[in-house]
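If you want the building blocks of each chain, they are given just below.
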Amino acid sequence: MILETLQQDEHVFSGLVRSKLLSGQRNMGERRWFKHLELARKKLHAQAPFSDQCTKILQRYRAHYDSKSEYDFWLEHTTTAPWVITLDQEVSSAKRRLRASELTSFAGHRGWRFCAECAQEERETLGFSYWHSSHHFFGAMICAKHKTPLFTHQKLHMHDYSLPQEWLGKAEEMVIQFEWQLQWQSFIYQLCEAFKADLTLATRIKQNVFELLKIDRKLTHHFDKERINALFKGMHLDLGENFFVEMIGRYAKGHKYVSNPLWLTLYEEKSFQRVRSPIYWLVTIFWLREKLSTLDGVINHEWHSTKH
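Residues numbered from 1 in each chain as written. Predicted model: local features only at pLDDT ≥ 70, side-chain atom pairs only at ≥ 80, totals over all residues. Heavy atoms only, no water.

J.: Give a description of the packing of aromatic side chains that names residues and reports values.
T.: According to the stated counting rule, one finds 19 aromatic pairs in the structure shown. Ring geometry for Phe210 versus Trp281: centroids 6.0 Å apart, planes at 70°, classification edge-to-face. Of the two residues, Phe210 is situated in helix H9 (residues 201-212) and Trp281 in helix H14 (residues 279-288); the sequence distance between them amounts to 71 residues. The buried category is assigned to Phe210, whose relative accessible area is 18%. Here the aromatic rings of Phe232 and Phe244 are separated by 5.3 Å at their centres, their planes lie at 75°, and the arrangement is edge-to-face. Note that Phe232 is positioned in helix H10 (residues 221-239) and Phe244 in helix H11 (residues 241-247), a separation of twelve residues in sequence. Per residue, the accessibility class of Phe232 equals that of Phe244, and both read buried. (Phe/Tyr/Trp six-rings, centres within 6.5 Å; stacked < 30°, edge-to-face > 60°. Helix = DSSP H or I, 4+ residues; strand = E, 2+ residues; numbered from the N terminus. Buried < 20%, exposed > 50% of the residue type's maximum accessible area, 1.4 Å probe, protein only.)

Here you go:
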């Protein structure tokens, strides 16, 4: 199968689907198609970077893009950017360590979504629309380009091998219910763009967090749990219960015993061999965003004000 050229910010799964639709395999059944591609038959999840399936598809595309580094390719054509905060090394090394993406740690929307204005513009200029990687960052509900709500559908929890244009008039507009969700839009988009531009930023932000919270050594349960619990009470008061219900999986499911997200952020557990979900670091940085000097010039808090 000839692979279609990926567009700017196009998710690698989107490119694969376009390749299927524009080839003689358009009507090929799912089972037969995956067998033909020599891939495991698995659904295409938007927020599953570093899965074996995503890695194999990306490697096939990489063979045609020698001018772009593997690191840059991952960042532009998958949802890797927010994971940079937990990787601490180049993506090419980290993906071998990541066997489970811990997506259930994030409570928000994890399905496929699109911007209607992007889809219409792309059809006019390219003849087709495509799924954007950035529209699938954790908590993204607004298009960074048009500042308008993204659209989704209950059938788009997993990819059904269609393009956004096929959902125009069918999908539902994502609704922002809380002020913090609006603030999160500028935060997540701009932070991810900054990670792409500066490979050292994630490490510097983390160091800044430890300095701000006056943590100068590795935490231990015996000496530090009470203090971190006290810090989390302030974090919870500042952000509100609905923030954690919307963002953290165990809160959303109403578990009787929920983990302290701040502890999961700051505590380094050697026995945990996989890359932990970045959501814990992301919510911590969001909480401290106006106090972190490393975010000066990174987050424009008026980003979202042009359209609601």
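J.: For H9, give the residues involved together with the corresponding values.
T.: The first and last C-alpha atoms of H9 sit 16 Å apart over twelve residues, in line with the 16 Å expected at 1.5 Å per residue. Leu201, Ala202, Ile205, Lys206, Asn208, Val209 and Phe210 are the residues of H9 that are buried. Considering only its buried residues, H9 is in contact with helix H5 (84-87), helix H8 (179-197), helix H13 (261-266) and H14. Lys214 sits one or two positions beyond H9 and adopts a positive phi of about 60°. (Expected span 1.5 Å × (residues − 1). Contact = heavy atoms within 4.5 Å.)

J.: Any chance you could break down the environment of Cys54 for me, citing the residues and the numbers?
T.: Positionally, Cys54 belongs in helix H3 (residues 52-62). For the pair Cys54 and Thr78, spaced 24 residues apart in sequence, the C-alpha to C-alpha distance is 8.4 Å. Not counting residues within four places of it along the chain, the set of residues in contact with Cys54 comprises Val12, Phe13, Ala48, Pro49, Trp74 and Thr78.

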